[in-house]
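Structure assessment
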Amino acid sequence: MSDSEFLYDDLHIAFLEDLWGEGFLSPGGAEEAARVLDGLEVKGKRILDIGCGSGAIAVMLLRDLGAAHVTGIDVEAPVCAAATRRADQAGLSDRITIREVTPGPFDFPDKSFDIVYSKDSIIHIPDKEALAREVFRILKPGGWFAASDWLIAHDDTPSPEMQAYIKAEALDFAMASPARYRRALEQAGFSDITLKNRNPWYRAVARDELDRLSGSENARLSERYGKDFIDGQISTWQAMTAVLESGEHCPHHLRGRRPG
Ligand SMILES: C[S@@+](CC[C@H](N)C(=O)[O-])C[C@H]1O[C@@H](n2cnc3c(N)ncnc32)[C@H](O)[C@@H]1O
């Protein structure tokens, strides 16, 4: 870790984008980000992106999928600055609004959005029940919540391997189980709830990422970000691949509809 006050500081942004693609702070790039919305009508929709990171997804939602407007919210200044720059450079600043927010209830009126989207960010929000209620509140009737997140397979105490992984990440993870997410969405009033386990996909991708970090791209990455930093990332990836292999770390796509 660097000494920054931010979890996603400029060093981490640059490293993660190197690994995952420009503007992406989560695995799979534009393809996986779009898959979260598979089968949903995005064209002409007003979308909220929770935890927008450095903004490539907002651009993708507008340019590739035809959204009408995207509001991206995030809690960290460096990623908001990067996302704002990206929207400007793409000439989309009139249709992308980036807002730095504080954790807690959303500062949006009821029924504001057609789609509430999120990619691998709500892991940072501990109260999944309050989150589900807030997402429901700001969705228009008939609107969809469509998210990807990193889940833990059960509600028991994390295994020692999982505890070691969470500690290695040092990113304030608040992982929840598929059962807890389903319950939270049901209790908030959502219908058409689906949860799709992406562990098989990310398990294979993460193995490849570890090969890149420790093998084919090690020299370039160590030169660019420092040997200690990359050695630290390799340890984190080793801890992560262990819990991906066991299935305890199970990224999911989550979906629910506000009845309308
Ligand atoms: C793994 S990154 C993913 C960013 C982006 N969605 C992507 O896929 O490229 C997680 C993001 O969630 C943000 N975040 C953390 N806590 C948050 C909160 N309470 N509300 C909104 N965003 C949050 C972080 O600052 C970070 O930008």
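Model, not experiment: these values are computed from the prediction.

1. Some thoughts on the pattern of salt bridges
One pass over the full model with this rule turns up 18 salt bridges. Where arginine 86 meets glutamate 22, a salt bridge forms, and the shortest distance between an N and an O atom there is 3.5 Å. Placement of the pair is arginine 86 in helix H4 (residues 77–89) and glutamate 22 in the loop between helix H1 (10–20) and helix H2 (29–35), with a sequence separation of 64 residues. A residue is classified by how much of its surface remains accessible, and arginine 86, at 16% relative accessible area, is buried. The exposed category is assigned to glutamate 22, whose relative accessible area is 61%. Arginine 207 is the salt-bridge partner of glutamate 245, the closest N and O atoms lying 2.9 Å from each other. Residue glutamate 245 is located in helix H10 (residues 227–246), and its partner arginine 207 is located in helix H8 (residues 199–216); the two are separated by 38 residues in the primary sequence.

2. Topic: the site of the ligand
In the region of the ligand, 18 residues are neighbours, and Leu25, Ser26, Gly51, Asp74 and Lys119 sit closest. Lysine 119 is positioned such that a nitrogen or oxygen atom in its backbone is 2.9 Å from a nitrogen atom of the ligand. Separating an oxygen atom of the ligand from a side-chain N or O atom of serine 121 is a distance of 3.3 Å. Protein chains shield 94% of the accessible area of the ligand, which is 600 Å² for the free molecule. Here the residues of the shell around the ligand sort into nine nonpolar, five polar and four charged.

3. As for the nonpolar core
Residues Phe15 and Trp237 are the most contacted members of the largest nonpolar core, which totals 57 residues. Considering every element that reaches this core, the biggest residue donor is H10, with eight residues. Filtering out sequence-adjacent residues up to four positions away, phenylalanine 15 remains in contact with Leu213, Tyr225, Phe229, Ile230, Gln233 and Trp237. Ranked by size, the runner-up nonpolar core spans 26 residues in total, among them Leu48, Tyr181, Ala184 and Cys250.

4. With respect to the UniProt feature "domain: Methyltransferase" (unreviewed entry) in the protein
Annotation from UniProt places "domain: Methyltransferase" (unreviewed entry) at residues 47–143. Measuring from the first to the last C-alpha atom of residues 47–143 gives 10 Å, for a span that is 33% helix and 28% strand.

5. Examining the pairing of strand S5 (residues 139–152)
Buried residues dominate S5, accounting for 10 of its 14 residues. With six bridges joining them, strand S4 (residues 113–119) and S5 adopt parallel strand pairing. Note that in S5 the partner of phenylalanine 113 across the bridge is leucine 139. Chirality of the crossover, the property in question, places the unit of S4, helix H5 (residues 128–138) and S5 among those that are right-handed. Note that S5 and strand S7 (residues 249–257) share nine bridges and pair antiparallel. Bridge pairing in S7 places aspartate 149 opposite histidine 252.

6. Some remarks on the packing of helix H9 (residues 218–225) against H10
Their axes nearest at 6 Å, the elements H9 and H10 cross at an angle of 125°. By the criterion of interaxial angle, the relationship of H9 to H10 is oblique. Touching Asn218, Leu221, Ser222 and Tyr225 of H9 are Lys227, Phe229, Ile230 and Ile234, all from H10. The class makeup of the residues in the contact of H9 with H10 is five nonpolar, two polar and one charged.

7. Section: the packing of aromatic side chains
Given two aromatic rings, their pairing is described by the distance between the two centres and the angle made by the two planes. If you walk through the whole model with that rule in mind, you get 12 aromatic pairs. Ring centres of tryptophan 20 and tryptophan 237 lie 6.0 Å apart, and the angle between their planes is 45°; on these two criteria the pair is classed as tilted. Here tryptophan 237 lies in helix H10 and tryptophan 20 lies in helix H1, a separation of 217 residues in the sequence. One exposure class covers both tryptophan 20 and tryptophan 237, and it is buried. Ring centres of phenylalanine 145 and phenylalanine 190 lie 6.2 Å apart, and the angle between their planes is 40°; on these two criteria the pair is classed as tilted.

Reading the values: rules and limits
- Residues numbered from 1 in each chain as written.
- Predicted model: local features only at pLDDT ≥ 70, side-chain atom pairs only at ≥ 80, totals over all residues.
- Heavy atoms only, no water.
- Salt bridge = Lys/Arg side-chain N within 4 Å of Asp/Glu carboxyl O.
- Helix = DSSP H or I, 4+ residues; strand = E, 2+ residues; numbered from the N terminus.
- Buried < 20%, exposed > 50% of the residue type's maximum accessible area, 1.4 Å probe, protein only.
- Near = heavy atom within 4 Å.
- Polar contact = N/O pair within 3.5 Å; in protein donor to acceptor, adjacent residues only side chain to side chain.
- Areas by Shrake-Rupley, 256 points an atom, 1.4 Å probe, with all protein chains shown as cover.
- Nonpolar A, V, L, I, M, F, W, Y, C, P; charged D, E, K, R; others polar.
- Core = buried A, V, L, I, M, F, W, Y, C linked by side-chain atoms within 4.5 Å.
- Contact = heavy atoms within 4.5 Å.
- UniProt positions renumbered as here; feature names shortened; annotations may be inferred.
- Pairing = 2+ DSSP bridges.
- Right-handed = clockwise from strand over helix to strand, strands pointing away.
- Axes fitted to C-alpha atoms, helices over the stretch in contact; angles between N-to-C directions.
- Parallel < 35°, antiparallel > 145°, perpendicular 65-115°, else oblique.
- Phe/Tyr/Trp six-rings, centres within 6.5 Å; stacked < 30°, edge-to-face > 60°.

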